[in-house]
Each structure stands twice: as C-alpha cells, then as structure tokens.
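# Breakdown of the fold
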Amino acid sequence: MKHVFQHPPETPSPTGRKYWRTMGELNDTPEFRGWLEREFPSGIDEMETDALSRRSFLQLMGGSLALAGLGMSGCRRPEAFLVPFTKSAEWLIPGEHLLYATSMPRRGGAMPLLVTTTDGRPIKNEGNPLHPASNGGTDTFAQASILELYDPERSRTFLLDGQTSDAATFADWVTKLRAEATADGGASLAILTGESGSPTRERIRGMLQQQFPKMTWCVYEPLSNDNEREAMKAAFGSAAMKMVPKFAKADVIVSLDSDFLCVEESDLAAVRDFSSRRRVAAPTDSMNRLYAVENRFTVTGGMADHRLRCPASQVGAVALALAKAVADATISGPLTDLLSAVPATEINKLEKSLPWINEAAKDLVANRGKSLVMVGPNQPAWVHALGFAINGALGSYGPTLTAVAAPAPDGVSLASLAERMKSGAVKTLFVFGGNPSYNAPADLNWPELQKKVAAVARIGSYDDETSTGAKWHVPAAHYLEAWGDDRSSDGTYVAVQPMILPLHGGVSELEVLAGLAGREKIEGPALIQETFKTIAKNVSDDALAWNNFLRDGFLANSAAGEASATFNPAGAKSFVQTNFKSPPVPTADAMEFVMTPDYSVWDGRYTNNGWLQELADPVTKLTWDNAALMSKATATKLGLKWKEDDIRDGKGTGVTGDWIEVVVGDRKVKAAVLVDPGHVDHSVSLSLGYGREKVGRIGRDAGFNAYPLRTTATPYFVSNAKVSKVAGEAYIFSTTQHHYNMEGRALVRELPIGTYREHAGFDHEGRSFVQKFGMDSHIPPSVSIYKHPPMTGQHQWGMAIDLSTCTGCSACVIACQSENNIPIVGKHQVRRGRIMQWIRMDRYYSTMADKEDDEDPQVMMQPVTCHHCENAPCETVCPVNATVHNEEGLNVMAYNRCIGTRYCANNCPYKVRRFNYFDYNSRPLDQLYLGPLAKKGVAETVKLSKNPNVTVRMRGVMEKCTFCVQRIEEAKIGQLRVARDSNNTKVPTDSFKTACQQVCPSEAIVFGDIADPESKVTKLKKRDLNYTMLDYLNVQPRVSYLARVRNPNPKMPGAETVGMSTLKDSHGH
Amino acid sequence: MADTAIETAPPAAQFDPEMVRQITKPPLVTNNRDFHWVTEKVSGIVEMKTPMWWWIAFFPAAVLAGCCIGGFVYLISTGVGVWGQNSPVMWAWDITNFVFWIGIGHAGTLISAILFLTRQKWRTSINRAAEAMTLFAVICAGLYPGLHVGRLWMAWYLVPVGNANAIWQNFRSPLLWDVFAVGTYFTVSVIFWYVGLIPDLATLRDRATNSVKRFAYGLFALGWRGGNRQWRNYEKAYLILAGISTPLVLSVHTIVSFDFATSIVPGWHTTIFPPYFVAGAIFGGFAMVLTLMLPARHLLGLQDLITKKHVDVMAKIILLTGSIVGYAYIMEFFIAWYSQNPFEQWAFLRNRISAPFTKWMFDVPDAPYWWAYWAMMSCNVISPQIFWSKRARANLWIVFAVCMCVNAGMWFERFVIIVTSIANDFLPGSWGMYSPTWVDIITFTGSFGLFLSLFLLFCRFLPMIAMSEVKGVLPAADPHFHPPGHDAPGGGDHSTGLGGGVRMTTPAPSTGH
C-alpha cells in the first residue's frame, strides 16, 4: 500500500514558457514537495492514537483530501486513498479465512494452534489437529488469548521513568548497558523471566552467558512444578525430564491433590487419554476408576468416582497411609524401607479416612501395572518422592508412567536473586513477562527490593505493579505478533509465528534478549531460522523444511525421547527423611489456608481478560471475583452468614458472603466467603490472581489478593491460620447459577457401570433404561396433535454431548464467545442475570435424599446450549417471525427482524436464549446506565477481533446458539464448489465442527448430520445411554445427552451412593 | 319507571306500608330529582370554577405522569436493562402492569355494553365515568407492551403491512392476537364512549358561556339537535356498538390470558385461564370504578345520582367475581396436584404457596415468592368475603378499603402468575430471582399518575355522568308517569312498570331547562 506518486518530470517547453499546475508548484516550496512525496498528508499520524474511530478517520481523510484538492486540484484521482489493497496479499481470497499454524507458549509446554485470520487479523484460535498434543482441542486460556491481543488496555508505549519514550531510545540504552555489563562480566546484570521451552531463548541465553559470565539468570513462576522436579532429582538423579502419565493405559488412578484434568497442569493429550477411558460405548467396555483426595472440588475431583475430602496439608498423611497399604499388599521392600524414614504415628494419622485409603490401595494393587498415583504440583516435594515410590511399588514405570527428557528450567531461584538484589549487587534487572511485584513471595517484599536496583527494565504486556518505579517499561509483543519458537508438552519443536504486525509496537522477549546479546535489530524470523537449522538436521532443502515447519506448525518427529529413569529408593528415602514435615491437622482455632490456581486468571496473568473474568468458575460458578471457599460447617462455626438468592435493589440477585480475616503470623488477608459444597472443614481456599492493584478496567476491583500470605517456605498452603469474622456489609458475588440441587428432575442422568451393564439395550418399545429415568419412567410417550412442517433439508444437524467425559472445564464457553462475537456484560450485569454466553455449564451437586445436609456431595456437569427443538416452543410465540425453523432442523434467529418482546426466552424450557438488555457491544460496561450520554463505540482493536461471518448484535435483540451456522454454510458452500453441476451437494460426513465441539479437549461434544447414518453423532444418538432432557414436553430437541456412567468400587465406603443421584428418582422402573 | 312509580304513587289503602317498603327497590336517583336538576348538577361540574381539591389532586398526578414519561424516555434511550428483568425473568413488572391495567379496563365497557344489553338500569349514572376509566386504563396498559420491546423503532413489524422482505407476522403467536385484541378493544371503546357523549356534548354546547367552549363542544357534538330522527339513529348506533363491545369485553382478557395459557411454562400453561382472567378483570375493574367513584361522588356531591344502591350492586359483583377468582386459584392448585406433574406441582407449591405459616401442612422450604402469593390470596379472595354482609356493603369506608385491597391484590395476581412461574421453571440451574429497579417503580407508579391525570381532566371537561341516560331512568321519563300530587287515573295498571326506561323511547330533553 505504500507508494510514492511519481509525477512526470517537467520538460522545458521550446517556447521557454514554464507551465505550472498550481501556485505551489510554481513556487516549488518544500511544503509542496512534501505534499507530492507523501502518500498521506501530515497529521495523519494521529491515526495511531486509540481514540480514533472509523468515523473520525473518514472525517480526517475527507478533510485531508479536501486540503489536498485545494493544494493541487486535478493532480491525481483521489480514489488512491480509498482502496485498501492495491495488490492482494498472497493467498488471500476476499471473504475467506486463512489458517496459520502457530503455538501459544505456556509454562508446561506450548499449545499448538491453528489461527484463523481474516483480512490479516487473527480472530480465532483452534488446536492444531496434526499435533498430538492438541489434536484440534484447546483450552480456555488459549481461546481467550485472542482477546488479550486486542485488549485496548495492553501497554502501548515505551516508558522511561514513567515518561513516554520510544524504541530507539531503549535500543540506545541497551547498547550503553552492554558496554557497562561487558566491563564487569555481567555481575551487575540480572534477568528474571518465566519458564519457557524456547530453544531460541536457550540459544540466546547461551550467547549472553558467554558474553556476561557473571550474569544472574532467574526463572520464576508463581505456580510451578518445582516441588516435583526437586523430588525427581532425588529419586531419579535428574530433573531434566518429566513424568508423562499414560492415562489411556491406567485402570485405576489415585489423584493426591492433583488437578490433572485442568489443562494448565498437564496437557490436552492427558485429558483426551483420560476421557477415552471414561467413554462407554457398549456394556462390555471397561472404564478407568478415579480416586481423588483434595480439600476443595476441582474439575478432577468432580470427575472422580470416589473422592476423599482432606485438608491440603494432610494429603501427605494420606500418601503415607496409602504407601503403607500398598507396601503391605505388594510386599515392596523399597517402599517399606522408605516408610521407616517417617514416624509410624504419621502413617495412621488420619484414622477416619483409613478405610477409604485402604480400599483405594487395594484397588491400586489389584491393578498393578495398570494403576497410577498422581501427586499435585502444590504438594511438598517429599510427597512427590513418596508418590514416585508408590508408583514404583505398583510397577507403573513403563506401563502407565514414562519419563520424557525435558530440560529443567536452568537458573537461580527467585530467593537467591532477591539476595543478590538486597546486597546491591544487581544494578540492572530485566523482568520479562511475569509480575513479581504482585506475585513474588511476600517475605521477599519485592516492591521494596526492586527499588534497590538502579535500573529495572520491564518488558510486559501491561503497565502493572512491576512497571511501577521501573526505569523502563517496554510493551511486550503478544505471541500472535512476534516470531518465536517453543516446545510442546511432549517436547516437539513448534513454531510461534506472527499473524499480525505488533498492534502497539511491542517487542518480544527474544528481540530484547538478542539486542542485549549484541545482535543487530532482527527483521523477521532470522533468529528462529538459525535455531531451526540446528534442530532440523538432515534436511536436504532448508527453505522447504522451514516452509513445512511453518505450514505444519511443528517439526515432525522432534518429540523428546524417553529418558532413562531408574527409581533410586535410597535417594528417595533420604530425601523424604530430610524433607519430611508434618503439618498439624487443622482445627477450628488453627485452620489451614490454601492458595490455589484460579480457573479464570491462573496466577493473575489473565486478570485483564474479560472473557476469562466472565467465565464462571467450573465449580463455584463465580465470575469476576475469587472468594474464600470453605465448608458450610466451618462457615457456621465462624458465625458467618450467607445467602444464595440475596436480592438487593439496584444490585440484582447475588450470592452473598460475610468477610473474614485470615491471619498467619504477622501477615493477613481479608476476603469474603463463599460456601463451597464438598470443601473440607477447617480449611479456607483462596485462589491466586485477584485483588490486583494496578491493572486495567477489567481486572480492577475484582476479588481478593491471596499473595500476601504466600511465602517462600509455604507457597501453597499455610497451617495455623487464625480465621475470624470481620464486620462489613456482606459482599455480593456474581455467580451464574444460584440453585445447586437438581430437585429430582433427572436432567443430568448418571448411573454406575454395574447398573448400566445390567440394563443395557432397549426394551420392546425401543426405549432404553436411561430414557426412563425420573418422570419419564411413568408417563406415556408424547404425541403431538399438530402436524409439523417436514424437515426436508439434505442435512439434518444435531448434537450429542457425552456427560461421562465432560469435565466441566468450560473451554466450550470461551470458544463460542470467540467464534460468535458474544459480548461480555460485566460483573453487575452478571449479577442481574444477563450473561450473554450462548453455551453454559450447569453444575449440580447431588446428595442422597436421606442425607440432605451431606457435606460430601458429588458434582455433575452439564453443558447446555440451544437444543434446536424440532417442535420449538420459542418459534410459535414470536409475533414477528424472528425465530423460525429451517429445513435442516436449525432454529434460526433473524436478528434484524427481532423486536425484542422476549416471549421466546420465557417459553424456552432450556433457558438458552440471551437478550441484549443494553448495547453491550458498543457502550463501555461501566456506562451502560448512562444511555445516550455514555461513550459510543468501542476501541478500534476490539473491532478487529470480531468474526466477520457473525453479526454483532445491537441492544434489544434476542440471540442464542446457532449451531455455528456460519460454519455450516461455509461447509455447504465449499461442497457446492466441489459439486459444480453434479448433485453431490452433501457435505462430507463430519467434515467440520462447531466451535464448542472443536475446542473440547475430552471430545464430549459431537455435532453432525443426523440424517447421515455414517456420522458420529448419529451413532451416538443410537446408543442406549442417549436421552433428551425434558422429554415429556415433546419439543423434540436436536441436542441429546449420553448419560454419565461412573465406576464406583463396590467395596468402598459410600459406594452405594455413587452415580445414584438420578437413579433414585426413577422409582425402580 | 316501575320502582319509582310505586314509591311516588299515592299509597293505596289496601297496601300495608311496611310491606311496600320491603318489596320496593330503592330509587335509582334519590330525592326525587328532576331533569333540570340533573342537567344543572352534571353540567355544573364542568362549568364551575375549578375547585381547589382538583388542583391538589391534579398536580401530584401530573408530576407522577411526568415521571412515568421520563422513565419511559430513559428506558427507550438506554435499553430494557434499566428495568430489573433478567434471564430467566424476561417479563416482570412490564407485563404485570399491562395485564393489571387492561384488566381494569374491562369494567367500563362491561357496565356500558353488557349491562345495557341486559337492561340493568342502574348502570346509567356510572357508565360514562367507568368507560372513561376504561379508556385511560387501556392507554396505561398499552404503554407497557408497546414500550417494553427491545427495539421500539421496529415495533411496526407487529402491524400486518406489506414490506420488502415479504415476511408476515406469526399468526400463531398470542402476542400478535393481543395487539389486535387490545387495538380493537380500544378503538371500539373510544367510539362507543364518544357516541354516548354526543347528546351531552350538545347540552354543554348549548349552555356554553364563551365562544371557545361553544366551538369545541359544538365541534364534537356533531350538530346534535335532539330531534326524533337523530334519537332514532343514535339509539340504533348505540345498540349496535353495545353489541360489538360485548364480545370484546370477553375476548380481550381471554386473549391476554392466551399469552400465558398457550405457553409451556408451568404456572402459565393452564386451560382455566380465559374465564379466570375475565372474571379477574371484572373483579379488578369494578374495584377500580368504586375506587374512583366513591371519592368523586363525595367531592362532586353526586350522592343522588350515584347512590348507595350502586355501591351495593357493585360490591355484590365484586363478591361474585372475587369468589370465582378464588375458585380458580384453588382449582389451579388442585389440578397441579391432580396432574401429578412435578413441574406443575413445583410451580404452585414451591414457588408460591409454601409459606412460614403453612409448615404444618406442607413440610417444604418457603417458596421464594410466598409473600406475593399470600398477598394476592388475602386481598382477592378473603377480603371481598365481607360483602356477604349487607352492613359492610352499606359502609362506604369498608367498601373503599376492600376495593383498595382488590386493586393491590389484582396487581399481585399478575405478578404471581408472571414472575413466579418463569423465575423457577424447568432447569434449576437457570433459576433466578427478580428485583425491581427505580425505573420499574416510577414507570409503574407513574402510570397511576397518568391515569389519574386523565381522569381528572375528564371530570373537569366532560360530563362525567350520562345526563341523557340518567334522565331516561328518572320516573318522569316514564310515559305513564304522574307526578306526585296529580291524580293518577289507572295508575295501578302501570304501577308494575314493565315498560322500562333504558330503551329511551322517550327522547330526553337535550337542552337545559
């Protein structure tokens, strides 16, 4: 688009006359030259500022054109300014998406992605289906990272001592710094960064280390696997590897505070493998069995067949008891020997839980070689060592657990960096990414520490707590804006390629590091290519290999090999012996305080992401906040009050909770309480990442900060916490679900696998056991007295959702939000019950009827989206025909026909319709009530994030799930192109997916053509576990569910209640 | 005029006076008022200097009406979100208020049309004001469905006019029938009311003291001269309009009830709704007529025209319709139990009925909206039962208190039906609660201001009692009437008075005497 207008040179006229076109030309002033040379008139730079809307851009351009015309009318045709692409970009077909492979750098391994771009802007992340670590799925964080790219509050300017600066000044500063650092060998230079598998970063680090041998390189992650690595070093002699569980092979799994179904803690392959063993297609299928030990409900605990409520500090004691039982049963010498390292009293500390633990141990031993014990990263290192020993005794190494080579993050700990800073040795500190002023252990007192360093250069996406007082704040480039590389969780070398030029001139970590290492400014992927050449060996054509690397997004066959790991019992024993600690069992006077990762913001890095903030926590259903979670009994004992439906005028309906103060030593945290069913007594959980002080509008005033209680010694839980009620008006939480009990309605149907095997198949009426749960057991089949319009379409779309594999992770919710331009509505509007998400995750707790006050419920997840009823109750009531059925069975919304009577939503039994009560898409969320006085319009960048194939809805319009009709149409058009004149217009079986289906790591959502007998969804719908919700209404939904099958251990205490919550209401039919 | 004839005829020797007193009905217009008095009294209200109480009443009403309008301007400019609606409670006070007002709007036309056709002569002194009240109530009612839509500027999609997209309305939707039903009802009611006004407008024209009034009343009097032919045509027209209005009285609320009855929401999906809604509308409408008439009667000195007999009759109607409504409430509950449908049972027992004081009967947690349900029950079913007592019907304070209860109770009835049903329906995971915002409150209370303002203006500028019709039921309108003191030849033959006045075969004098 950049081109300089060439004017024909003036040829001297033979008559000697000078012909001129304007006065400007005649005078030939520099201004006039400027007009000629520049494509855009001066002043157009204002376009770079954020406040510029499309309208003001046009005004400005119009004004400029008018001025240009005044200056030299008739010189050229003004259209030159109005055509965006004079030359089409390569491969670009207007209106079609382009997919590029890249990957999202993550702590536990990059997530391979395919990014949908349209007109040069990335709009949607999908998993890379070619890569086994993704297989097409992703998670909430990967989905929501698109929004971060376009976050208008992302840092945009270089700040030098708080004043606006620029990249060139920073580069000069780095050059000067190099000279100084070279002089002292880098002794005064320190670099603090996060975990990364990037080989290029490793290479540059090598370069830096060579140039500045005394440099301090520190890697810090608030939530890390350090404990496991430490234990691994002792038990296996090396930390340069990681343990990869093979869930597909494991029949019995015991999770000791391990939330391995949360993707950030493991990877998508783990979730997929685990799910593959939960899926029951036939009565003969086997299932794995999951035991979970945890203090609060996690996604993993929700999936467990048996769950033991246990304080986080006592999980070690459970591990000991488990080890004892396993050792006794397997007559394992090493394990028995290891147990001699701890006092015998510790082993039987949790008397009440022993029957549970012993049964779990028996099950593990009975499945030797097919069992697995997982220890959560938040548990102390000695518990990990014990876990390794138990797995050793169970013979898990090899069959269910393998060690894979993975370089351990190399660098000093944050504490030793802090030491150096304190001593004044560090003069220059580079902080990449992380936010230590907020999330460093409280005992380090980082903000003060940082003041001791003469020059702190902070490279970050946000001008946040750490940027305060830093000499430099450098806007970081988003991973979709910069070149990079990484390794996925299985060690495969993956590409990180930019989709768009940095929107705000940000720079990447690699660029800054390379600059520091003395490299000239690098254009494009040169830096990565150099690394690539060293990794991709034996390639005949470098350019071709590089192209393939970018096309696929990863380098084939580059996965890390198995590491040779031999369990060293002696090492483990001495490690346990030295590290063993026995935290006291929490009591009412000395509780434990547990700091947990947050499903929405993780450790605080995603705090300014509106999609994640508004995503209900999978378990508590809490949005926009975290909360001090505790059991009902503990809350009652503390004299706290809470309400599940608190109505306050002007504030809507919310769950309210009183305030508590948690005091440990001289540190304290104040937070509001949310009663969490299934939480263990005398324990308070508060997730990390909230209560930020310096953050954008989205993260402001959200939640409570748990970091003040986090110290180097006790990073994940603290014992002896004094918890007391403090005065204050009850805090109102915004939750998306207020009622937790299914009230015996057989909505989520579950049954133990034994019952399923007994009743598999269909009866003479063609109904299966599952279809006769609850009310459906004794009502006659529904008959409609109306004649319904025939569904004549070639395709008939439908969906089946497998409740056995759905973990409730809610990735589908964000995927849908990203795909369908769904706005966020803000905390207040969520409380008002106006959340816009098209697919929601309903969560019910179940207790047996005779134990209403049971504090140990089971949890059930159910994704609910528009059911596309063939007999849709919403359609009959719309007075203006704005919602109608199409011939392919879709219940379609004509937004521009909708006048917003909201009758359809009232008549929808599944309550999936969403109404735009305000102009959520074009008014700031804090000014919704100002009406026409509110600022109109959104930031330019946010507009870039929209999917052009989906309408952005205005206020007053009803909206809902469309089954991703834009994807359906895209597929049909694609097939028409293939078919040409033939009749072959049928879209190939299962050739495309809806957004929620595509993202689902456990492949629980299956969408497709139910008229096609070969499609996956048709086959699922024929299963005897298939049922429809609210069948008696005869609305004939196109969405059906596969009942959740659970696999209880019959010998386990309480096994008779597992999977019985809806079965008990079927009156024995 | 049978009743009055008996009373005013000289007592015949053969009748025991005590027996006569017992079998006669009280007169429709007391104190033997004549035509002239009626004209003077009713026209006098319009012609007198505006009394202070009128200003005292009008000013706050107008302010409230202004708030209502302001609230709606805010609503339209900002979004429906300024109200308290949410998901699942997509309809709340908006439709509650709509059904409430449209219900009130039933009494007027019922009094005018149905009682006209059934020859209830007592209707004449209240029908005009009741009809006016109907119109104003329908105007208030129309505000809500009209303005509650998300995109008001697209509301014309509800009107079956041709458009480029060739999309028609959805004729299956009861909401569309609602638009037609309410629209028709309003149009016919306006015409019916206006036609009834014509002779009285001519009276005011003829009595006008300045040219502006004369022109204005004259314009709307359509050149009425009170001629025989005009009366003939007029009465035909009135009869036809009464005939058209009568089914509308029944149809409007029936169709409003279809909004709920044809849905699938437990608590809405109820076949008893059409008769139940119509009974409820008459119930609420009569209560509102009395609420307005009792003060007006007192303030304007209309005790001779709106007599205790009127109050008594209307109280009886309230008792009857209130009992029908009570029966419907209990029948709904019974059917929910009888159907054994857990969703229906939940909607009644667990959303509405179960209250702290029903613990002995139902051992379930309190319903979230029990207070609304029991407010409705006590106001609508229990309070009118006092009207079994004749003394209660004669005590205007008691009557007024019961009417206020019924007004509140009928609002609660609609609230209970609408909000408690959708707040907690099929999926417990989507249950919610509703709480109103200040905009809800001013758009509701403001509608009373609008209603009162319109009514006060009506009282001030139009004859609030149908002079010509009242004159028709005066004893003097009976062709066989013999004024007291005159000889009554053959009076005994006609004293049964079957020739009634409501057909108005005698042209009542249209001009003031």
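Residues numbered from 1 in each chain as written. Chains lettered and ligands numbered in written order. Predicted model: local features only at pLDDT ≥ 70, side-chain atom pairs only at ≥ 80, totals over all residues. Heavy atoms only, no water.

Within chain A, the regular secondary structure consists of 32 helices and 38 strands. When each of the 1069 residues of chain A is scored for burial, the buried share is 61%. Long-range pairs, those at least 24 residues apart, make up 75% of the contacts in chain A between residues at least 6 apart in sequence. For chain A, the exposed area adds up to about 41,300 Å²; of that, 55% sits on carbon and sulfur atoms. (Helix = DSSP H or I, 4+ residues; strand = E, 2+ residues; numbered from the N terminus. Buried < 20%, exposed > 50% of the residue type's maximum accessible area, 1.4 Å probe, protein only. Contact = heavy atoms within 4.5 Å. Areas by Shrake-Rupley, 256 points an atom, 1.4 Å probe, with all protein chains shown as cover.)

Within a beta sheet, neighbouring strands are joined by backbone hydrogen bonds and run either parallel or antiparallel to one another. Residue and element names in this part refer to chain A. Taken in spatial order, the three strands make up an open sheet running E1-E2-E3, and their pairing is antiparallel. Looking at the sheet topology across the chains shown, the edges are occupied by strand E1 (98-104) and strand E3 (121-127). The mean inter-strand angle of the sheet, taken between neighbouring strand axes irrespective of direction, is 35°. Alignment of E1 against strand E2 (residues 111-118), held across seven bridges, turns out to be antiparallel. (Pairing = 2+ DSSP bridges. Axes fitted to C-alpha atoms, helices over the stretch in contact; angles between N-to-C directions.)

Residues and elements named next belong to chain A. Counting through the fold element by element, Met893 comes out in strand E32 (residues 891-893). Among the residues examined, Met893 registers a relative accessible area of 13% and is labelled buried. The sequence separation of Met893 and Glu969 amounts to 76 residues, and the corresponding C-alpha distance is 15 Å. Apart from the residues lying within four places of it in its own chain, the contact partners of Met893 are Ala882, Thr883, Cys898, Arg913, Met958 and Lys960.

Listed as interface residues are 67 residues of chain A and, on the opposing side, 64 residues of chain B. Where chain A abuts chain B, roughly 5,300 Å² becomes buried across the two surfaces, and 56% of that area is made up of carbon and sulfur atoms. When the buried area of chain A at its contact with chain B is split by residue, Arg745, Arg897 and Tyr903 of chain A rank highest and sum to 14% of it. Counting the contacts that link chain A with chain B gives two salt bridges. With a closest N to O distance of 2.9 Å, Arg902 of chain A and Asp94 of chain B form a salt bridge. Seen at the junction of chain A and chain B, the total is 39 residue pairs in polar contact (both at pLDDT 80 or more). When contributions to the side of chain A that touches chain B are tallied by element, the ones reaching two or more residues are strand E22 (642-648), strand E23 (652-664), strand E29 (840-846), helix H27 (873-877), helix H28 (903-907) and strand E33 (914-915) of chain A. (Buried area = accessible area lost by both parts, 1.4 Å probe. Salt bridge = Lys/Arg side-chain N within 4 Å of Asp/Glu carboxyl O. Polar contact = N/O pair within 3.5 Å; in protein donor to acceptor, adjacent residues only side chain to side chain.)

The next subject is the confidence of the model for chain B. Caution applies to low-pLDDT parts of the model: their predicted coordinates are not meant to be read in detail. Residues and elements named next belong to chain B. Here chain B averages 84 in pLDDT, while 88% of its residues score no lower than 70. For residues 1-9, every residue scores under 50 in pLDDT, and the model assigns this stretch 22 contacts once sequence neighbours within four places are set aside. The low-confidence segment residues 487-513, where pLDDT is below 50, has 39 contacts with residues more than four positions distant or belonging to other chains. Predicted complex metrics record ipTM = 0.87 and pTM = 0.86. (pLDDT = per-residue confidence, 0-100.)

On to the sheet that holds strand E35 (residues 1005-1009) of chain A, then. Residues and elements named next belong to chain A. Spatial ordering of the open sheet is given by E35-E28-E37-E36, a layout of four strands whose pairing is mixed. At either end of the open sheet lies a strand with only one pairing partner, and these are E35 and strand E36 (1026-1027). Sheet analysis places strand E28 (residues 797-802) next to E35, joined by five bridges and oriented antiparallel. Counterpart to Gly798 in the pairing with E35 is Gly1008.

The subject of this paragraph is the environment of Arg605 of chain A. All names here are of chain A. With respect to the helices and strands, Arg605 occurs in the loop between strand E19 (591-596) and helix H22 (610-614). Of note is the side chain of Arg605, whose polar atom sits 2.7 Å from the side chain of Glu221. Here the side chain of Arg605 touches Asp603 through a polar contact of 2.8 Å, side chain to side chain.

Bringing empty space enclosed by the protein into the picture now. Residue and element names in this part refer to chain A. Its volume calculated, the largest cavity comes out at about 1,200 Å³. What lines the largest cavity is a set of 50 residues, among which Pro105, Gly433, Ser461, Glu509 and Arg605 lie closest to the centre. For the lining of the largest cavity, the elements supplying multiple residues, two or more each, are helix H4 (140-149), strand E6 (189-193), strand E14 (428-432), helix H16 (436-439), strand E15 (455-460), strand E17 (484-487) and helix H18 (509-516). Taken together, the residues that form the lining of the largest cavity break down as 20 nonpolar, 15 polar and 15 charged. Size it by volume and the second largest cavity reaches roughly 390 Å³. (1 Å grid on protein atoms, 1.4 Å probe; cavity = no way out; pocket = protein on both sides within 12 Å on 5 of 7 lines; lining within 4 Å. Points joined across faces, edges and corners; volume = space filled by probe spheres on them. Nonpolar A, V, L, I, M, F, W, Y, C, P; charged D, E, K, R; others polar.)

Geometrically, the link from Ser87 of chain B to Pro88 of chain B is a cis peptide bond, its omega value of 20° lying close to zero. Along the polypeptide, Pro88 of chain B turns up in the loop between helix H4 (52-78) and helix H5 (93-104). Non-glycine residue Ser810 of chain A carries a positive phi angle of around 75°. Mapped onto the secondary structure, Ser810 of chain A falls in the loop between E28 and helix H25 (811-819). Unlike most non-glycine residues, Lys911 of chain A shows phi in positive territory, near 50°.

Before going further, it helps to spend a moment on the packing of helix H11 (residues 273-299) of chain B against helix H12 (residues 308-339) of chain B. All names here are of chain B. Across the interface, H11 lies against H12 with an axial gap of 9 Å and an inter-helix angle of 150°. Taken together, the axes of H11 and H12 are roughly antiparallel relative to one another. For H11 against H12, the interelement crossing comes out left-handed. Taken together, the residues of the contact of H11 with H12 break down into 19 nonpolar, three polar and three charged. (Parallel < 35°, antiparallel > 145°, perpendicular 65-115°, else oblique. Left-handed = near helix turned anticlockwise from the far one by under 90°.)

Here we come to the environment of Ala250 of chain A. Residue and element names in this part refer to chain A. Looking at the element boundaries, Ala250 is found in the loop between strand E8 (241-245) and strand E9 (252-256). Here the alpha-carbon distance between Ala250 and Lys911, two residues 661 residues apart in the chain, equals 39 Å. Excluding residues that lie within four positions of it along the chain, Ala250 makes contacts with Arg277, Asn288, Lys370, Leu372 and Thr400.

All names here are of chain A. Here strand E37 (residues 1039-1042) shows a buried face lined by Val1039 and Tyr1041 and a second buried face lined by Ser1040 and Leu1042. With four bridges connecting them, E28 and E37 associate as parallel partners. When the sheet's bridge partners are listed, Ile801 is paired in E37 with Tyr1041.

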